[in-house]
Structures are given as C-alpha cells and as structure tokens.
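# Observations on chain architecture
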Amino acid sequence: LAGSSTNTLTASHARHMEIGNVTDYADLWSGSADGLRLYARDYPSRSAPPAGPPILCMHGLTRNSADFTGLADYLSARYRVIAVDQRGRGRSDYDPVIAHYTPVTYVQDMFALLDRLEFQRVILVGTSMGGLMSLLMGAAQPGRIAGIVINDIGPEIDPRGLARIQGYVGRSAPVRTWGEAVAQQKAINGIAFPDFSEAQWETFTRGVYRDEGGIPVLAYDPAIAEPMADEDSGAVPPDLWPVFEAVSALPMLVVRGAESDILAPDCVNGMRRRKPDLQVAEIPRRGHAPTLDEPESISAIDTFLASL
C-alpha cells in the first residue's frame, strides 16, 4: 500500500520492540478528509486464512494504539488486527481545530480508514471512548459490523468517573523522569489496577507517554479536554440508549471492570434488558478500564469471537 494523497495509505513492516517483547506489525499511515496524517498499527494474521474478519481496536480518551499491544499480539495469531491512534493521540497529527475532537469526527476517520483498506466487514473492539465509537459505527453501518466488544463503557456514563477524568485530562503536571511518570500514572490509575506489578506499571506508563530526548511527554494533545467542557460539543454524549437500541441486533460483548466508576452495574442491567443475548464479562481487580489482556478478558473475547 503506497501513495501520498489523503486518499491513500502507506505501510512499512518492521519488528517493533515492546518493553522486552518483539512484536510484528506494520506502521500504517493514512490521511483524514481534512488533511491530517493518522497512524495505526497493522498486525497481520499469522494464520492463513484468518479465522474471521479483521479486528479494529479503538482506544480511550487519552490513550493510543499501545493499549492493545497484548491483545493484538494474542489475536493476530488468528486475525488481522488494526490498532489505531485517533487524531490528537500517539503518532497521529494533532488537530488545529479543537472542535473536531469529538467521537463523530473519529468515527468518520475510522470509516475512511476501512474504506481505504477495502474492509467490507470488521469486528470492533472499543475501550471507553472507543466503545462509544463502536456503538455509533454500528448504528451508522450495521451491515459492515460483524460484532462489537465494548470495554467498560455504556449508553450512560457514571458521573463519578466522568468527573474524575475531567479532573486530570489536559491538567497533568509535566514530569522530568520516567520514575516521575510512573508515579503520576499510579496516582491517576492506581484505583483501576490495584494488583499491577512494577513491571506492569512501567509498560503501562511507556504506552501513555512518548520519549522526547529522555523526557516523558504525555502522548496526547491537551486540547482534547476542551470539548468535554462544552455540553453542546458532542464530546460527552448525554444519552446513547437510542443508539444502543439501534445496534441491539448486532453480536456484542461488554467487558466491565468490577471496580469501574464509568460503567455502573445498573447500566449493564439496562443493556441486558434491551438486549437479552448480550454477552457480559466482569473482570476482577480492575477499574476503568481493563487492559483486555487479563486471562478473564481473553477468555471472554475468545468465547465471543467463536460465537460469531
């Protein structure tokens, strides 16, 4: 895949070092409709033919494709996996128009990517914001979606967790060393991962920051916080129950962290009432959001994929 216009893709295959592990994926670059250069990791399937449609992994608000390193490496034994950096995150361009930092824009970017990859059907895996995007994509083009895995998000967002996220996004103090970066992530996310080892915190932190001359810098545009403060921006959808009902015919798995402050049990129960065949997995010792490489997450995702 090669080209230079916003309607083409470029890909370069290499072996990438991931904190002690070597993983094969391609650096996949594409252009958005408004001229941004967007990045994704393209993990080829190690089986021929693949076990099913490609899997598109979409991260949460402040995160990036590194979130799916463990899951993508596991799933690429049988599936082609694309893990994206949304605009303003990771290696993708930051958007000079801050109002574009909303799920509707990201969904447009994702459909443009699927079109350029000529994917007719895909399986969606979305964490938090990526889960909301999955619902919107399923409602917009249901015939294109083979199944959806939603990680720790639902049609209602628990106000406790939303307030917590709004309290740190775009407001974290700069750090000078990787030790300070790890300490900062423990302070922000310790409630979500109470049993993380030091090695896990190191890996997690390396995925959240990028290295700029030995200085860790958060790998997202702080401006993504601004639309969240505007009720009319669409950055925080107030009620997605109509969207959920619109996609209720699609196969769906919901993964919930047992200690989540974003996806409340009452919301999961409401999803089950509206979709009796909904598959649900609750992950112990996890808040918002499970990393999806926990044994319980892997087992639930395997069962779901086998059911498609």
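Residues numbered from 1 in each chain as written. Predicted model: local features only at pLDDT ≥ 70, side-chain atom pairs only at ≥ 80, totals over all residues. Heavy atoms only, no water.

With that settled, consider the environment of Gly 207. Relative to the helices and strands, Gly 207 is located in helix 6 (residues 198–208). Looking at Gly 207, the relative accessible area reads 16%, which means it is buried. It is 9.7 Å that separates the C-alpha atoms of Gly 207 and Phe 68, two residues lying 139 residues apart in sequence. Once you skip the residues sitting within four places of it in the chain, Gly 207 turns out to touch Asn 64 and Ala 66. (Helix = DSSP H or I, 4+ residues; strand = E, 2+ residues; numbered from the N terminus. Buried < 20%, exposed > 50% of the residue type's maximum accessible area, 1.4 Å probe, protein only. Contact = heavy atoms within 4.5 Å.)

As a further point, take helix 6. For helix 6, the full list of buried residues reads Trp 201, Phe 204, Thr 205, Gly 207 and Val 208. Projected down its long axis, helix 6 carries its buried residues within an arc of 160 degrees, all on one side. Residues of helix 6 that are buried make contact with helix 5 (178–189), strand 8 (209–212) and strand 9 (215–218). (Arc of directions from axis to C-beta.)

So, about the nonpolar core. The biggest cluster of nonpolar side chains holds 62 residues, and the ones touching the most others in it are Leu 56, Met 58, Ile 82, Val 84, Leu 124, Met 137 and Met 252. Here this core gets seven residues from one element, more than from any other, and that element is helix 2 (residues 103–117). Counting residues in hydrophobic clusters, the runner-up holds 27 residues, among them Leu 71, Tyr 79, Leu 292 and Ile 301. (Core = buried A, V, L, I, M, F, W, Y, C linked by side-chain atoms within 4.5 Å.)

Attention now goes to unusual backbone geometry. Cis geometry marks the peptide bond from Ala 48 to Pro 49; its omega dihedral reads -5 degrees. Residue Ala 289 is reached from His 288 by a cis peptide bond, and omega for that bond is 0 degrees. Inspection of the secondary structure assignment puts Ala 289 in the loop between strand 11 (279–283) and helix 9 (295–307). With a phi close to 60 degrees, Arg 285 is a non-glycine residue in the positive phi region. Mapped onto the fold, Arg 285 is located in the loop between strand 11 and helix 9. With a phi close to 70 degrees, Leu 292 is a non-glycine residue in the positive phi region. Here Leu 292 is to be found in the loop between strand 11 and helix 9. With relative accessibility at 0%, the residue Leu 292 sits in the buried group.

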